[in-house]
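Chain by chain, the residues run as shown.
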Amino acid sequence: MSEHEEHEDGDPLPECPPMVSRDLKSILVTSVLQLEEIDVGLYRGKNHWIPLSRRLFGGQIIGQALVAAAKSVGDHLYAHSLHCYFVRAGDPDIPVLYNVDRVRDGRSFCVRSVKAIQRGEPILVLQASFHLDQPSPLMHQFSMPEVPPPEDLLSLEDLIRFVLGRKPDLEQKVKQGFNKVLANEVPIEVRPVNPLQFSREVTTEPKRMFWVRARGHIGEGNMKLHVCVAAYISDYSFLGTTMMSYPAKRVKMMASLDHAMWFHNTFRADEWMLYEVNSPWAGGSRGLVQGRLWRRDGVLAASCCQEGLIRLTAPKDRSKL
Ligand SMILES: CCC(=O)SCCNC(=O)CCNC(=O)[C@H](O)C(C)(C)COP(=O)(O)OP(=O)(O)OC[C@H]1O[C@@H](n2cnc3c(N)ncnc32)[C@H](O)[C@@H]1OP(=O)(O)O
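This structure is a prediction, so every number in the text was calculated from the model and none was measured.

### So, the side chain of Glu 307
Relative to the helices and strands, Glu 307 is located in strand E12 (residues 300–312). Among the polar contacts made by the side chain of Glu 307, one reaches the side chain of Arg 286 at a distance of 2.8 Å. Apart from the residues within four sequence positions on either side, Glu 307 is in contact with Ser 256, Leu 257, Asp 258, Trp 281, Arg 286, Gly 287 and Leu 288.

### Let's talk about the environment of Asp 235
Within the secondary structure layout, Asp 235 lies in the loop between helix H6 (223–234) and strand E9 (251–263). Using a relative accessible area of 7% as the deciding quantity, one classes Asp 235 as buried. As a C-alpha pair, Asp 235 and Gly 63 span 172 residues in sequence and 9.8 Å in three-dimensional space. Leaving out residues up to four positions away in the same chain, Asp 235 has contacts with Phe 57, Gly 58, Gly 59, Ser 256, His 259 and Gln 306. Reaching out from Asp 235, the side chain makes a polar contact with the backbone nitrogen of Gly 59 at a distance of 3.0 Å.

### Focus on the pairing of E12
Burial of E12 is extensive: ten of the 13 residues sit out of reach of the surface. Sheet topology places strand E11 (residues 286–295) next to E12; nine bridges connect them, and they run antiparallel. Within E12, the position partnered with Gly 291 by the bridge is Cys 304.

### Describing the sheet that holds strand E1 (residues 36–39)
Pairing is antiparallel in the open sheet, where twelve strands are placed in the order E1-E2-E4-E5-E6-E3-E9-E12-E11-E10-E8-E7. Each edge of the open sheet is held by one strand with a lone partner, namely E1 and strand E7 (188–192). Pairwise comparison of adjacent strand axes, ignoring direction, gives a mean angle of 25° for this sheet.

### Digging into the environment of Arg 54
Locating Arg 54 in the fold gives a position in the loop between strand E2 (42–45) and helix H2 (58–70). Judged by relative accessible area, which is 43%, Arg 54 ranks as partly exposed. C-alpha separation for the pair Arg 54 and Gly 216, spaced 162 residues apart in sequence, amounts to 25 Å. At 3.2 Å, the side chain of Arg 54 and the side chain of Asp 93 are in polar contact.

### A closer look at the side chain of Ser 155
Tracing the backbone shows Ser 155 in the loop between strand E6 (121–132) and helix H3 (156–166). Apart from the residues within four sequence positions on either side, Ser 155 is in contact with Val 190 and Arg 191.

### Overview of H6
The end-to-end C-alpha distance of H6, which contains twelve residues, comes to 16 Å, matching closely the 16 Å that a straight helix rising 1.5 Å per residue would cover. Buried residues of H6: Met 223, Lys 224, His 226, Val 227, Cys 228, Val 229, Ala 230, Ala 231, Tyr 232, Ile 233 and Ser 234, and no others.

### A closer look at H3
An α-helical turn contains 3.6 residues, so a residue and the one three or four places further along point in the same direction. Taken as a whole, H3 has its buried residues at Leu 156, Glu 157, Leu 159, Ile 160, Val 163 and Leu 164. What you see down the axis of H3 is that its buried residues fit within an arc of 160°, all on one side.

### Remarks on the site of the ligand
Taken together, 15 residues lie around the ligand, and Arg 55, Gly 58, Asp 235, Ser 256 and Arg 311 are the ones closest in. Between the ligand and Ser 256 there is a distance of 3.0 Å, counted from a nitrogen atom to a backbone nitrogen or oxygen. For the ligand, whose free accessible area comes to 1,000 Å², the fraction covered by protein is 49%. Contributing elements (two or more residues each) for the shell around the ligand: E9 and E12.

### Side note on the nonpolar core
Ranked by internal contacts, the top residues of the largest apolar core, which has 74 residues, are Leu 66, Leu 82, Tyr 98, Leu 124, Phe 130 and Phe 263. Membership of the second largest hydrophobic core comes to seven residues, among which are Leu 153, Val 193, Trp 272 and Trp 294.

### Thoughts on unusual backbone geometry
Backbone geometry follows two general trends: most residues other than glycine have a negative phi, and most peptide bonds adopt the trans configuration. Here Trp 49, not a glycine, exhibits a phi torsion of approximately 30°, which is positive. As for its position among the elements, Trp 49 is in the loop between E2 and H2. Even without being a glycine, Arg 54 presents a positive backbone phi close to 65°.

### A look at the packing of H2 against H6
H6 packs onto H2 with a crossing angle of 155° between their chain directions and a minimal axis gap of 7 Å. Considered as vectors, H2 and H6 are oriented roughly antiparallel to each other. The two elements H2 and H6 cross, and the hand of that crossing is right-handed. Here Gly 59, Gln 60, Ile 62, Gly 63, Leu 66, Val 67 and Ala 70 of H2 come into contact with H6, specifically with Lys 224, Val 227, Cys 228, Ala 231 and Tyr 232. Residue composition of the contact of H2 with H6, by class: eight nonpolar, three polar and one charged.

### A word on the packing of aromatic side chains
In this structure the tally under the stated criterion is six aromatic pairs. Seen in terms of ring centroids, Trp 49 and Tyr 236 are 5.7 Å apart; in terms of plane orientation they differ by 65°. Their pairing is edge-to-face. Within this pair, whereas Trp 49 is found in the loop between E2 and H2, its partner Tyr 236 is found in the loop between H6 and E9, the two being separated by 187 residues in sequence. Looking at Trp 49, the relative accessible area reads 9%, which means it is buried. Judged by centre distance (5.4 Å) and plane angle (25°), the ring pair of Phe 238 and Tyr 275 falls under stacked. Residue Phe 238 is found in the loop between H6 and E9, and its partner Tyr 275 is found in strand E10 (residues 273–283); the two are separated by 37 residues along the sequence. For the pair shown, Phe 238 and Tyr 275 are each scored as buried. Each residue in the set Trp 49, Phe 57, Tyr 232 and Tyr 236 is aromatic and connected to the rest through ring pairs, giving one cluster.

Conventions we followed
- Residues numbered from 1 in each chain as written.
- Predicted model: local features only at pLDDT ≥ 70, side-chain atom pairs only at ≥ 80, totals over all residues.
- Heavy atoms only, no water.
- Helix = DSSP H or I, 4+ residues; strand = E, 2+ residues; numbered from the N terminus.
- Polar contact = N/O pair within 3.5 Å; in protein donor to acceptor, adjacent residues only side chain to side chain.
- Contact = heavy atoms within 4.5 Å.
- Buried < 20%, exposed > 50% of the residue type's maximum accessible area, 1.4 Å probe, protein only.
- Pairing = 2+ DSSP bridges.
- Axes fitted to C-alpha atoms, helices over the stretch in contact; angles between N-to-C directions.
- Expected span 1.5 Å × (residues − 1).
- Arc of directions from axis to C-beta.
- Near = heavy atom within 4 Å.
- Areas by Shrake-Rupley, 256 points an atom, 1.4 Å probe, with all protein chains shown as cover.
- Core = buried A, V, L, I, M, F, W, Y, C linked by side-chain atoms within 4.5 Å.
- Parallel < 35°, antiparallel > 145°, perpendicular 65-115°, else oblique.
- Left-handed = near helix turned anticlockwise from the far one by under 90°.
- Nonpolar A, V, L, I, M, F, W, Y, C, P; charged D, E, K, R; others polar.
- Phe/Tyr/Trp six-rings, centres within 6.5 Å; stacked < 30°, edge-to-face > 60°.

So this is what it looks like as structure tokens:
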């Protein structure tokens with residue numbers, strides 16, 4: 001099941017996963033995106049939800065880097081875009097430091113460059129640009145695809161239980177990925193529009209849609225924070241879209257290489273948004289994914305793009321059988 005299909009042995013499945021109330025503050029705002037200030041323009045983040053790959057989740061590093069960048073711009077400016085490269089794998093056992101460079105402060109735009117550092121070396125370099133809210137003579141957007149509302153769809157947890165019921169002999173490593181979702185470790189809620197596609201029971205064009213929101217409550221008002229939460233969310237189940245048109249393959253290594261986002265309109269990351277994702281190209285051990293985050297009222301909230309590295313394990317040599 002996309003990014004939950006990971007590659008290590010794991011714990012048995014929990015019988016009763018804990019429930020997280022929608023009234024509780026999202027852990028993304030109470031912990032993950034709370035940075036400790038160490039010095040001017042220097043921050044330290046905490047690690048949360050470690051994927052089975054044991055490399056830090058890219059969305060966490062982007063979200064934290066954007067929080068660090070946003071701390072040095074006025075409240076009248078909003079992030080309109082970010083561009084970043086993941087240059088080394090993040091180590092989940094040590095915190096990440098964020099060093100912010102105030103590249104330029106203009107009248108309408110401010111640009112910041114952030115280095116995420118572990119053991120003195122960059123793991124991510126990010127540039128973010130912030131813009132004054134200005135009236136626009138030009139205004140257009142595509143229309144949101146018509147899909148069932150999230151209330152009519154199964155949650156990822158329900159889907160996982162369903163798959164486990166049908167396939168009790170699933171590999172342990174797959175179960176461990178499921179385990180992490182069932183234990184509510186992932187601070188995001190997901191409702192796939194096409195459950196069969198999401199559980200990889202069919203191969204299709206590399207296009208998928210799912211409703212997504214932060215687990216727990218964030219509340220109105222702090223757009224800067226909602227943008228950082230969306231940056232976290234945008235890397236979830238994104239690159240896996242490249243694999244949808246192939247029958248299940250053994251992935252040796254899958255990692256985001258870069259990530260870009262453009263923020264178009266205000267939104268709440270703790271309310272359902274439709275993530276429409278496609279992969280127009282893969283080749284040379286890399287794959288490209290594009291995404292649109294739609295507010296449920298049809299307003300285009302953000303666009304995303306990412307290239308990732310995908311290395312598969314070599315197929316067995318059948319001539320020796
Ligand atoms: C949801 C998705 C995510 O969030 S992923 C998390 C965010 N992204 C990341 O963590 C990516 C961070 N970036 C990186 O780790 C590096 O930039 C990467 C992409 C690995 C750079 O690759 P590369 O230059 O090959 O690194 P490296 O020489 O250190 O090798 C890493 C492992 O890959 C192997 N490798 C190398 N070249 C090849 C090749 N041509 N064919 C097959 N394997 C190759 C290396 O041997 C090395 O393997 P190992 O780690 O020693 O087992």
